[in-house]
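Results of the structural survey
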Amino acid sequence: MSPLEPPRARRVAIIGGARVPFARSDGPYATASNQEMLTAALDGLAERHGLTEPGAVGEFVAGAVLKHSRDFNLARETVLGSALDPRTPAYDVQQACGTGLQAVIAAANKIALGQTESAVAGGADTASDAPLGVNDRLRRILLEARRAKSLGGRAKALAKIRPAHLVPDIPRNAEPRTGLSMGEHAAVTARAWGITREAQDELAATSHRRLAAAYERGFFQDLVVPFRGLARDQNLRPGSTVEKLATLKPVFGLDAPGPTMTAGNSTPLTDGAATVLLASEEWAEVRGLEPLAYLTAYETAAVDFVGGDVAGGEDGLLMAPAHAVPRMLERAGLGIEDFDLVEIHEAFASQVLATLAAWEKRGLAPVDRARLNVAGSSLATGHPFAATGARIVATLARLLAERGGPGRGLISVCAAGGQGVTAILERT
């Protein structure tokens, strides 16, 4: 190959995944840090795929959304505390709820270009151990005291501290540009697309039933690593039904008539971590590892949820995948009917249903519900923000492998900030 000739892209294999069971916030993982959870998931992956020898993994890419200052180098610190070779390079990424999938894409790109032979991608988040910031007024006073040139100057600055300044800044589940929570944004979109309460509750109940069935048949045996007394996702409610969900009171969209979104058809605050092993075909062959599937395409998008067509539903906060998927499919020369399985991150049942409706409006075929989230998704598992993308990639890859023979799967993940990350997995 000429030095000026661009490298030829290689196929990127998904070898396997490992995650800890997801837990509701302030529960079993209340004192577990992002690093502890991510290390547990990474160690589980390393043990199952023989990644402990020197140089086994070319790179580790991961991230978290809710990060303490101590997490500034989360991926690298996780490697140093794990079973991986401590010489393994690592770096952090963050794109809200799309973090896990973006980490997979970042790792895949280096493998595709021949810059590394193998990589692990993932993410972790804890809503229980969320960072508390110093009150901004107190912070300014402390900085003023630090800059003072004399003891008297420092004392004068510190004398400005009042009891109200001692109240910490707590992370808000709200968009900085609108002040609305993700749930409130989703409620606006639900109204715009006419999403009913019954349809949302049916989707949520189905997610729980399918996740429970997947656990019962041993599907997650190679994907989930027990952690702190949990062997299954704590949020799972096997007996969930539409009738039971119908008894819950709405919690979002209460400022308009007929609110439909409840705690039952929305994801809870969750703690957890997930990882995925990716590699070149050559690397997998040398180690006798059978790829589950291949990552063949990906696309990101963003919407103007501040000044765009929010009331009409086109630019709702969580609607970016409605734009990314049609664009990705056009580029790949595919339609929805070409997919055996479809995985849509269930931030809210209403958001999934609005996305499906938007795809049809853009000319895509309706998604066969029998192919949608067949092993359950976020409404049942829970949603540790940065871990969800890696969970979905590993789950879909194993589902495709389980079917045997050729197959194709679609991934759609919405994210805060009006963003979306999507991908295609294939098995040939």
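Up top is the structure these notes are about.
Below or above, wherever it landed, is the structure these notes cover.

The rules we used
Residues numbered from 1 in each chain as written. Predicted model: local features only at pLDDT ≥ 70, side-chain atom pairs only at ≥ 80, totals over all residues. Heavy atoms only, no water. Helix = DSSP H or I, 4+ residues; strand = E, 2+ residues; numbered from the N terminus. Rg over C-alpha atoms; globule rule 2.2 N^0.38 Å. Buried < 20%, exposed > 50% of the residue type's maximum accessible area, 1.4 Å probe, protein only. Contact = heavy atoms within 4.5 Å. Areas by Shrake-Rupley, 256 points an atom, 1.4 Å probe, with all protein chains shown as cover. Lys, Arg positive; Asp, Glu negative; His and termini not counted. Charge placed at Lys NZ, Arg CZ, Asp CG, Glu CD. Axes fitted to C-alpha atoms, helices over the stretch in contact; angles between N-to-C directions. Nonpolar A, V, L, I, M, F, W, Y, C, P; charged D, E, K, R; others polar. Patch = residues over 30% accessible without salt bridge, like charges linked within 9 Å, V, L, I, M, F, W, Y side chains within 5 Å. Salt bridge = Lys/Arg side-chain N within 4 Å of Asp/Glu carboxyl O. Core = buried A, V, L, I, M, F, W, Y, C linked by side-chain atoms within 4.5 Å. Expected span 1.5 Å × (residues − 1). Pairing = 2+ DSSP bridges.

Along its length, the chain carries 13 helices and twelve strands. For the chain, whose C-alpha radius of gyration is 22 Å, the value lies close to the compact-globule estimate of 22 Å for 428 residues. For the C-alpha atoms alone, the extent of the chain along its principal axes is close to 75 × 60 × 50 Å. Here the chain holds 428 residues, and the buried ones make up 57% of them. Considering only intrachain contacts with a sequence separation of at least 6, the fraction spanning at least 24 residues in the chain is 80%. With the model as given, the accessible surface of the chain reaches about 17800 Å², and the carbon-plus-sulfur share is 54%. Taken together, the 45 basic and 47 acidic charged side chains of the chain have centroids lying 7 Å from each other.

To continue, consider the packing of helix H3 (residues 99-112) against helix H13 (residues 388-403). Where H3 contacts H13, the axes come no closer than 5 Å and their chain directions differ by 65°. Contacts between H3 and H13 involve Gly-100, Leu-101 and Val-104 from the former and Gly-389, Ala-390 and Val-393 from the latter. Class assignment of the residues belonging to the contact of H3 with H13 gives a composition of four nonpolar, two polar and no charged.

This brings us to a nonpolar patch on the surface. On the surface, Val-134, Leu-142 and Leu-158 cluster together into a nonpolar patch covering about 240 Å² of accessible area. Relative to the assigned elements, Leu-142 resides in helix H4 (residues 136-147). On the basis of relative accessibility, which here comes to 40%, the residue Leu-142 falls in the partly exposed class.

Counting 48 residues, the largest nonpolar core has Leu-101, Phe-220, Leu-278, Ile-411 and Leu-425 as its most contacted members. It is H3 that provides the largest number of residues to this core, a total of nine residues. Val-20, Leu-42, Val-120 and Trp-283 belong to the second-largest nonpolar core, a separate cluster that totals 37 residues.

Applying the stated criterion across every chain, the model contains 22 salt bridges. For the salt bridge of Glu-281 with Arg-11, the shortest nitrogen-to-oxygen distance reads 2.8 Å. In this pair, Glu-281 sits in helix H9 (residues 281-286) while Arg-11 sits in the segment before strand E1 (12-19), placing the two residues 270 residues apart along the sequence. The exposure class of Glu-281 is partly exposed, given its relative accessible area of 30%. The residue Arg-371 makes a salt bridge to Asp-368 at a minimum N-O spacing of 3.8 Å.

Counted at 1.5 Å a residue, the expected span for helix H1 (residues 34-49) with its 16 residues is 22 Å, and the 23 Å between its end C-alpha atoms agrees. When we look at burial in H1, the residues that qualify are Asn-34, Met-37, Leu-38, Thr-39, Ala-40, Ala-41, Leu-42, Gly-44, Leu-45, Ala-46 and His-49. Of the surrounding secondary structure, the elements contacted by the buried residues of H1 are E1, strand E3 (60-63), helix H2 (74-80), strand E5 (118-125) and strand E8 (270-280). Phi turns positive, to about 65°, at Gly-50, one or two residues after H1.

The next point concerns H13. Over its 16 residues, H13 extends 23 Å from the first C-alpha to the last, a length consistent with the 22 Å expected when each residue adds 1.5 Å. Looking one or two residues past H13, Gly-404 carries a phi angle of roughly 75°, positive in sign.

Right, let's talk about the environment of Val-393 for a bit. Counting through the fold element by element, Val-393 comes out in helix H13. Along the backbone, Val-393 and Leu-410 are 17 residues apart, and their C-alpha atoms lie at a distance of 9.7 Å. Excluding residues that lie within four positions of it along the chain, Val-393 makes contacts with Ile-14, Leu-101, Val-104, Val-276, Ile-411 and Leu-425.

For His-208, the position within the fold is in helix H7 (residues 197-216). Beyond its immediate stretch of four places on either side in the chain, His-208 contacts Asn-235, Leu-236, Arg-237, Ser-240, Leu-379 and Ala-380.

Take the pairing of strand E9 (residues 293-302) next. In the case of a regular strand, side chains alternate between the two sheet surfaces. Sheet analysis places E1 next to E9, joined by three bridges and oriented antiparallel. Counterpart to Val-12 in the pairing with E9 is Leu-295. Relative to strand E12 (residues 419-427), E9 runs antiparallel, the two being bridged by eight bridges. Residue pairing in the sheet places Tyr-298 in a bridge with Ala-423 of E12.

Even without being a glycine, Arg-228 presents a positive backbone phi close to 50°. By the secondary structure assignment, Arg-228 is in the loop between H7 and helix H8 (242-245).

Tracing the chain through its elements places Leu-166 in the loop between helix H5 (151-158) and helix H6 (182-193). Here Leu-166 falls in the exposed class, since its relative accessible area comes to 59%. Taking the C-alpha atoms as reference points, Leu-166 and Leu-356, 190 residues apart in sequence, are found 47 Å from one another. Among residues more than four places away in sequence, those in contact with Leu-166 are Leu-138 and Ile-161.

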